[in-house]
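Structural overview
Chain residues, written in single-letter form:
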Amino acid sequence: MWDNVQCPPDGPLDAKIAVVGEAPGAVEVVQRSGFVGASGRILWPVMNEHSIVRDNCYVTNVVKNRPPGNKIGDAEIPWYDPYWLRQLQQELTSVKPNVALALGSTALNALCNVDQNCHPLGRELSIMSWRGSVMASTLVPGLKVLPTVHPALVLRQWRWRTFLATDIARLVEQAQYAEIRRRSRTHLLFPGYRQVIEYINDICAPYATDVEIRNGELACIGLAAKDDEAMCIPLMTRDLTSYWSESEELAIWKALANRFRSPIPSIGQNYVFDLFWYFIYGLTPYLDVVYDTMLMQNLLEPELEKDLATLCSIYTDHLFYKDEGKVWGPNGGRITDEQFYRYNATDSMITREVWTQMCHDLREVGMWDFYHNISMRLIPCVMKPMLRGLRVDLKHQMAVDEQYEKDINELTAEFKRMVGRDINPNSTKQLGEYLYGDKA
């Protein structure tokens, strides 16, 4: 079967872990073995840190011949051709690993975006969105897939090594069993009036909250007092009318005002955004103890993204979901009310679960007091100018702007004289050619 390929798979046929890459490089073709070149020098040390050795892994690629220039788009037979997909399907069906580590977008889409008959299922899945999510393979039914960044990406952007290491740490647990296991979560959607009031009044522990804005108004509010349960409180319908009767909505707002005023800490992701809307609507959240998971992540992993999708992939076992719930309203809403409200509740629930893990991590790295004494104290300071604005001396601002423009023009002219030719310092391409030479 492998006589006609440059780099056949290798490894035990009863391996618990299958490592699936994109295509072999020059070294892999010479040695006829996957991940023995530069990418392997990144991958295997990280695997070894978690006691995973290459000899115990089944190692393969989607495309088993080296593409010209290592560019998968230039492969003689494209990765999505059944010629390659059926080989991969047969391999993994025979080996039956507990989990396949999909390295990069090609492996992710081959395993999770193509059906059993090798037909594509939809638009390309983004590796940066789906990495860290434990997924069911569509190409090989029953196979569990854990996508992560390709080691070649780490070679170009070293900070992504944190993602690779985080996902491989998850791989250790996933290799112990074949089925997909997820935390059970409860979404309280379309609640009745009394259920809303009781839920708000019963909150007695730190709670996460999230708002969704449509047409410049609050569409719904999510509340999560537990890591595995959240309620979405709708405030408007799809046609932008009130969801409740006037008396019911008034009572809900009063209950929310009492809850936010209480000394029970609240939690949010990029929380100043949500707090701004609460203040605009007349609520006065308690700010003496308030948690923003974005600020907490800034202390824990300052080099990484701070968005909720990234935090979800690091701290929870929830699938990537942030593409959901974005389009809802009277003008071209492409999702149902249930999907929109679930999205809002999930945001709150994931924020609460992330916060729980972050509290432990902040204490472990000795940053707990720093967050409370420094980071948290900045939130009220930021809220004041957001709500009241800042005084600006427009005359002085214009004078400074004119001086800066004059200085920039003079420096640009001096730079061109030094270079000896006309060059646009605002052009990344021209600067790259000047500093590093033409690609040719």
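As shown above, the structure is provided for reference.
On to the packing of aromatic side chains. Within a pair of aromatic rings, the relevant descriptors are the distance that separates the centres and the angle that separates the planes. The final tally for this structure, using the stated rule, is 18 aromatic pairs. With centroids separated by 5.6 Å and ring planes inclined at 85°, the aromatic side chains of W79 and Y80 adopt a geometry described as edge-to-face. A centroid spacing of 5.3 Å and a plane angle of 20° characterise the contact between W253 and Y281, whose relative ring orientation is stacked. Remark: Y281 occurs in the loop between α10 (271-280) and β11 (290-292) and W253 occurs in helix α9 (residues 246-261); sequence separation between them is 28 residues. Feature note: the residues F190, Y243, W244, F340 and Y341 constitute an aromatic cluster, connected by ring pairs. A cation over an aromatic ring shows up here: R181 above the ring of Y177, its NZ or CZ 3.6 Å from the ring centre. It is R363 that lies over the ring of W368; its NZ or CZ is 3.9 Å from the centre.

The next subject is a nonpolar patch on the surface. A cluster of nonpolar side chains, contributed by I280, F370, I374, L378, V382, M386 and L387, occupies part of the molecular surface with about 580 Å² of accessible area. With six residues, the top contributor of residues to the nonpolar patch is helix α14 (residues 368-388). Mapped onto the elements of the fold, I280 is located in helix α10. The exposure class of I280 is partly exposed, given its relative accessible area of 48%.

This paragraph deals with the packing of helix α11 (residues 293-300) against helix α12 (residues 308-315). Any two packed helices are characterised by how steeply their axes cross, that is the angle between the axes, and by the distance between the axes. One can describe the packing of α11 onto α12 by two numbers: an axis separation of 11 Å at closest approach and a directional angle of 60°. With respect to the hand of their crossing, α11 and α12 are arranged in left-handed fashion. Judged by residue contacts, T293, Q297 and L300 of α11 engage L311, I314 and Y315 from α12. Classifying every residue of the contact of α11 with α12 by side-chain character gives four nonpolar, two polar and no charged.

This paragraph deals with empty space enclosed by the protein. In the structure shown here, the tally under the stated rule is one cavity of 30 Å³ or more. Roughly 40 Å³ of volume is contained in the largest cavity. Residue lining of the largest cavity: S129, R131, S133, A309, C312, S313, H318, L319, F320, Y321 and K322, and that is the complete set. Broken down by element, the lining of the largest cavity gets its largest block of residues, three residues, from α12.

Another point: the environment of P263. Residue placement: P263 occurs in the loop between α9 and β10 (266-268). Linking P263 and M236, residues 27 residues apart in sequence, is a C-alpha distance of 28 Å.

Turning next to the packing of helix α8 (residues 193-202) against α9. In contact at an axis separation of 9 Å, α8 and α9 are set at 10° when each is read in the N-to-C sense. For the element pair α8 / α9, the angle class is roughly parallel. On the side of α8, the interface is formed by Y193, V196, I197, I200 and N201, while α9 contributes E248, A251, I252, A255, L256 and R259. Tallied by class, the residues present in the contact of α8 with α9 amount to eight nonpolar, one polar and two charged.

Rules of the game
Residues numbered from 1 in each chain as written. Predicted model: local features only at pLDDT ≥ 70, side-chain atom pairs only at ≥ 80, totals over all residues. Heavy atoms only, no water. Phe/Tyr/Trp six-rings, centres within 6.5 Å; stacked < 30°, edge-to-face > 60°. Helix = DSSP H or I, 4+ residues; strand = E, 2+ residues; numbered from the N terminus. Lys NZ or Arg CZ within 6 Å of the ring centre and 35° of its normal. Patch = residues over 30% accessible without salt bridge, like charges linked within 9 Å, V, L, I, M, F, W, Y side chains within 5 Å. Areas by Shrake-Rupley, 256 points an atom, 1.4 Å probe, with all protein chains shown as cover. Salt bridge = Lys/Arg side-chain N within 4 Å of Asp/Glu carboxyl O. Buried < 20%, exposed > 50% of the residue type's maximum accessible area, 1.4 Å probe, protein only. Axes fitted to C-alpha atoms, helices over the stretch in contact; angles between N-to-C directions. Left-handed = near helix turned anticlockwise from the far one by under 90°. Contact = heavy atoms within 4.5 Å. Nonpolar A, V, L, I, M, F, W, Y, C, P; charged D, E, K, R; others polar. 1 Å grid on protein atoms, 1.4 Å probe; cavity = no way out; pocket = protein on both sides within 12 Å on 5 of 7 lines; lining within 4 Å. Points joined across faces, edges and corners; volume = space filled by probe spheres on them. Parallel < 35°, antiparallel > 145°, perpendicular 65-115°, else oblique.

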